[in-house]
Amino acid sequence: MNQSLALQVKNLHKEYPGVEVIKNISFDVKKNNIHAFLGPNGAGKSTTMRIISGLLPASSGEIFVNDKLIDTNPAYCHQNIGFLPENLPLYQDMSVEEYLVFVRNIHTIKTHDKTIDFETIIKRCGLDKVRNKLIRKLSKGYKQRVGIAQTLSYDADLIILDEPLVGLDPNAISEIRELILDLKERHTVLLSTHQLHEVDLLCDEITIINNGKILINAKKGELELEKYFKENVH
Amino acid sequence: MINLNAISLVYQKELKALFKSSLIYIVASLFCIISGWLFYNYLISAQEFTNRTIDQLVIAPLYGNINFLFLVFSPLLTMNSFAEERKNHTLDLLLTSDLTEMDIILGKLLGMMTGVCFLLLLTLIFPITLSLSGHGNWPVILSNYLGIFFCTFCYLSVGVFASSLTENQIVSSLLGFSILMAVLLMAASGGITKNYIVGQIFSYLSTPFHFEALSRGSIRSYDFIYFLSFSGIFIYLTFIKLISRKW
C-alpha cells in the first residue's frame, strides 16, 4: 500500500497468439505528477494504456489505481480513470456541452454524482466560446480540448493521454500544454508523446518502453532524452 | 445486470442521432412512396373481385409488403449502430464507462425501434382511410401491426449484430440483408423439401411463417416465443462480439 501512488503497474504481461506485446513491465506513477510514457511506434505504449483503462485484458500482472486493483473494482476504475486515446472518441453531431453532459452521465450511473461543476471545466479548458457548437465544426485544437474536458467531466483522478499533441499547430500545442500543466493541481496524468522537447516542458517523471520491455524509469533532469533515445531505442 | 437508467442514456443519444440524421427522413420518404403506391394499387384491384373481403384483398397483401419493406430498410437503419461507433472510436468511450455491453445493445435497439414506430405511424393513414369508408377491421389491422413490430425487432437485432462485426457501413448493411434473406428463404425451402418434418422445421425457423398467422388476426403464443428467441439469439451474438475484445 502506498498512498502517494496514483497508479501501480506490476509485472504486466500481454500476449496475443504467438506474439508478446508487453513483457512483464512494472512502473509507478505518483499522485499529482505528469508522468511521460515514451517509446517508439509499436513499443507497447498504447496497449499498456488500453489495459490500464480497462479496454483490453492483461494476460497476467496487476494494476492498482489509488491502491485499488482494477480487476476487482471495475466501477471504481470507470469513474477514476479518464482515457483519451490518440483517435479522439467524439460524437461529431453533438454540441460540446451536450457531449460533456453525456460523458458525465455515462460515468456516474452508479454514483449518481451530478455535482461536478461544468462551468469551471468549460472555462478551464477554454471551451466557453464554442460550448454550443457542433463538435464536427471545431478545429483539431478545440477537439483535443473537448477530449481532455470529457475526462474532467466525471472528475477522473488519473488521466491517460495518448499522443495528445499529434497533428496540432504550434499555438494549439502551447495551449494544450498549458491545459495539461493545469491538470496537475488536482489530477495525475500519464502521457504518451513522441515530442521529446514537450516531455522536458511537461513531465515530472519518465518511463521508456521498447519492444514491450521497460528500459528505464527516471525523474525529470536525470536523463538526456534525445541522447538516450539515439543510443538505446531501436 | 440490466440497468434501465443506463439503457435510457444510450436510448436518448441514439434517438437524437437518428432524428438528426438525414437517413431516417430518406428512408421515411421512400417508405411512404412505396407503401402509398401499394395501397392505391391494392385498393384499385380490389374492385375487380367481389367474392373476397377487403382483409384478403388489401390489408393482408399491404401489410405483408410493408413487413418486407422493413426487412429491406432495417439493415439501412442499423448499419451505423456499431460500425460508426467503431470508426469514430466512440465505442471505447462507451466501453470504459459504467455502461455494460448489454445496456449499449438494448439502448441502441430501442432507439431504432422508436424510429420504426415513427415509420409505422405514417402508415396509419391506410387503415383510417379504410375505416372511414366502412371497411376497417381493426382487430386484424392491430394484429398486423403487432406482427410487423415483432418481425422488425428481429430484423433490427440481425442488423445490429451485422454492424458489430465491421467498421464499414456498406458491408454491415449487406451482411445484415444477406442474413435476413437467408431467413426469408427458409420459408421457400420448407415448401421444396419432400420430408414433412424437415419442411415444418424450415418453415418454423423463417419469420414469414410467423407473420402470416398474425396477418390473418390469429395470435399464437409460439409465434411470440419465436420472435423473442430469434432476436434474443442475435442480441446475445452481438454481446459476445462486444465482450470478445476481452479474450
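A closer look at the interface of chain B and chain A
Alright, step 1. The partner chain A presents 28 residues to the 22 residues of chain B that form the contact.
Alright, step 2. For the chain B and chain A pair, buried surface summed over both sides reaches about 2200 Å², with 59% attributable to carbon and sulfur atoms.
Alright, step 3. Of all residues in chain B, Leu93, Thr96 and Asp98 of chain B give up the largest surface area on contact with chain A, accounting jointly for 32% of the area buried on that side.
Alright, step 4. Counting every contact that joins chain B to chain A gives three salt bridges.
Alright, step 5. Inspection of the chain B/chain A interface yields nine residue pairs in polar contact (both at pLDDT 80 or more).
Alright, step 6. Secondary-structure elements contributing two or more residues to the side of chain B that touches chain A are helix 1 (4-20) and helix 5 (90-95) of chain B.
Alright, step 7. Residue composition of the side of chain B that touches chain A, by class: seven nonpolar, seven polar and eight charged.

Some remarks on the sheet that holds strand 1 (residues 5-16) of chain A
All names here are of chain A.
Alright, step 1. What the four strands build is an open sheet, ordered 2-1-4-5; its pairing is antiparallel. Unpaired on one side and paired on the other, strand 2 (19-30) and strand 5 (68-69) mark the two borders of the sheet.
Alright, step 2. Of the pairings in the sheet, the one linking strand 1 to strand 4 (residues 60-65) comprises five bridges and is antiparallel in character. Note on strand 4: the bridge partner recorded for Lys10 is Glu62.

Some points on empty space enclosed by the protein
Alright, step 1. Overall, the coordinates contain one cavity of 30 Å³ or more when judged by the stated rule.
Alright, step 2. Roughly 50 Å³ of internal volume is contained in the largest cavity.
Alright, step 3. Forming the boundary of the largest cavity are Leu55, Phe83, Pro85, Pro89, His107, Gln150 and Tyr154 of chain A together with Asp92, Leu93 and Thr96 of chain B.
Alright, step 4. Tallied by class, residues from the lining of the largest cavity come to six nonpolar, three polar and one charged.

Let's talk about helix 6 (residues 170-183) of chain A
Residue and element names in this part refer to chain A.
Alright, step 1. Under the 1.5 Å per step criterion, the end-to-end length of helix 6 is 20 Å for 14 residues, consistent within 8% with the ideal 20 Å.
Alright, step 2. Residues of helix 6 that are buried make contact with strand 3 (34-38), helix 4 (118-124), helix 5 (140-152), strand 7 (158-162), strand 8 (188-192) and helix 7 (196-202).
Alright, step 3. For helix 6, the side-chain oxygen to backbone nitrogen distance between the N-cap and Asn171 is 3.0 Å, and the N-cap itself is Asp169.

Some remarks on the nonpolar core
Alright, step 1. Ranked by size, the top nonpolar core spans 145 residues in total, and within it Leu7, Ile52 and Tyr99 of chain A carry the most contacts.
Alright, step 2. In terms of residue count, helix 8 (residues 138-164) of chain B provides more of this core than any other element does, 13 residues in total.
Alright, step 3. With residues near it in sequence (within four places) discarded, Ile52 of chain A still touches Leu7, Val9, Phe27, Ile63, Ile70, Ile81, Leu158, Ile160 and Leu190 of chain A.

Considerations on the packing of helix 2 (residues 23-46) of chain B against helix 7 (residues 125-132) of chain B
Residues and elements named next belong to chain B.
Alright, step 1. Running from N to C, helix 2 and helix 7 point in directions that differ by 30°, and their axes come no closer than 11 Å. It follows that helix 2 is roughly parallel to helix 7 by the angle criterion. Here the hand of the crossing between helix 2 and helix 7 comes out right-handed. Listed contacts from helix 7 to Ser35, Gly36, Phe39 and Leu43 of helix 2 are Phe126, Thr129 and Leu130.
Alright, step 2. Among the residues making up the contact of helix 2 with helix 7, the classes are represented as four nonpolar, three polar and no charged.

A look at the environment of Gly167 of chain A
Alright, step 1. Locating Gly167 of chain A in the fold gives a position in the loop between strand 7 and helix 6.
Alright, step 2. Expressed as a C-alpha distance, the spacing of Gly167 of chain A and Gly141 of chain A, which sit 26 residues apart in the sequence, is 8.8 Å.

Focus: the sheet that holds strand 9 (residues 205-210) of chain A
All names here are of chain A.
Alright, step 1. Strand order in this open sheet of six strands is 6-7-8-3-9-10, and the pairing throughout is mixed. Each edge of the open sheet carries a strand with a single partner, namely strand 6 (81-84) and strand 10 (213-219). Taken pair by pair, the neighbouring strands of this sheet meet at an average axis angle of 15°, ignoring direction.
Alright, step 2. As paired strands, strand 9 and strand 10 are joined by six bridges and run antiparallel to one another. Within strand 10, the residue paired with Glu205 across the bridge is Lys219.
Alright, step 3. Sheet contacts for helix 6: strand 3, strand 7 and strand 8; angle to strand 8, the most-contacted strand, approximately 140°.
Alright, step 4. With respect to the sheet, helix 8 (residues 225-232) is in contact with strand 3, strand 9 and strand 10, its orientation differing from that of strand 9 by roughly 15°.

Regarding the environment of Leu7 of chain A
Residue and element names in this part refer to chain A.
Alright, step 1. Within the secondary structure, Leu7 is located in strand 1.
Alright, step 2. Taking C-alpha positions, Leu7 is 5.6 Å from Asp28, a pair spaced 21 residues apart along the chain.
Alright, step 3. Setting aside residues no more than four positions away along its own chain, Leu7 makes contact with Phe27, Asp28, Val29, Ile52, Ile63, Phe64, Val65, Leu158 and Leu190.

Brief notes about the packing of aromatic side chains
Alright, step 1. Under the definition given, this model contains 20 aromatic pairs over all chains.
Alright, step 2. Measuring from ring centre to ring centre gives 6.5 Å for Phe224 of chain B and Phe227 of chain B, while their planes differ by 70°; the resulting arrangement is edge-to-face. Of the two residues, Phe224 of chain B and Phe227 of chain B are both situated in helix 12 (residues 221-243); the distance of three residues between them amounts to about one turn of the helix.
Alright, step 3. Each member of the aromatic cluster is reached from another via a ring pair, and the members are Phe149, Phe150, Phe161, Tyr204, Phe209, Tyr222, Phe224, Tyr226, Phe227, Phe230 and Phe234 of chain B.
Alright, step 4. Lying across the ring of Tyr142 of chain A, Arg145 of chain A places its NZ or CZ 5.0 Å from the centre.
Alright, step 5. The positively charged end of Lys108 of chain B is found above the aromatic ring belonging to Phe82 of chain B, 5.2 Å away from the centroid.

What about the confidence of the model for chain A?
Alright, step 1. On average, residues of chain A carry a pLDDT of 89, and 97% of them reach 70 or more.
Alright, step 2. Least confident of the elements in chain A is helix 8 of chain A, whose mean pLDDT is 80; most confident is strand 7 of chain A, at 94.

Remarks on the side chain of Thr47 of chain A
Residues and elements named next belong to chain A.
Alright, step 1. Considering the arrangement of structural elements, one finds Thr47 in helix 1 (residues 45-52).
Alright, step 2. Take Thr47: its relative accessible area is 16%, and that puts it in the buried class.
Alright, step 3. If we skip the residues at most four places from it in the chain, Thr47 touches Lys14, Val21, Ile22 and Leu56.

Concerning helix 3 (residues 96-107) of chain A
Alright, step 1. Counted at 1.5 Å a residue, the expected span for helix 3 of chain A with its twelve residues is 16 Å, and the 17 Å between its end C-alpha atoms agrees.
Alright, step 2. Close packing links the buried residues of helix 3 of chain A with helix 2 (74-80), helix 4 and helix 5 of chain A together with helix 1 and helix 5 of chain B.

Conventions we followed
- Residues numbered from 1 in each chain as written.
- Chains lettered and ligands numbered in written order.
- Predicted model: local features only at pLDDT ≥ 70, side-chain atom pairs only at ≥ 80, totals over all residues.
- Heavy atoms only, no water.
- Contact = heavy atoms within 4.5 Å.
- Buried area = accessible area lost by both parts, 1.4 Å probe.
- Salt bridge = Lys/Arg side-chain N within 4 Å of Asp/Glu carboxyl O.
- Polar contact = N/O pair within 3.5 Å; in protein donor to acceptor, adjacent residues only side chain to side chain.
- Helix = DSSP H or I, 4+ residues; strand = E, 2+ residues; numbered from the N terminus.
- Nonpolar A, V, L, I, M, F, W, Y, C, P; charged D, E, K, R; others polar.
- Pairing = 2+ DSSP bridges.
- 1 Å grid on protein atoms, 1.4 Å probe; cavity = no way out; pocket = protein on both sides within 12 Å on 5 of 7 lines; lining within 4 Å.
- Points joined across faces, edges and corners; volume = space filled by probe spheres on them.
- Expected span 1.5 Å × (residues − 1).
- Core = buried A, V, L, I, M, F, W, Y, C linked by side-chain atoms within 4.5 Å.
- Buried < 20%, exposed > 50% of the residue type's maximum accessible area, 1.4 Å probe, protein only.
- Axes fitted to C-alpha atoms, helices over the stretch in contact; angles between N-to-C directions.
- Parallel < 35°, antiparallel > 145°, perpendicular 65-115°, else oblique.
- Left-handed = near helix turned anticlockwise from the far one by under 90°.
- Phe/Tyr/Trp six-rings, centres within 6.5 Å; stacked < 30°, edge-to-face > 60°.
- Lys NZ or Arg CZ within 6 Å of the ring centre and 35° of its normal.
- pLDDT = per-residue confidence, 0-100.

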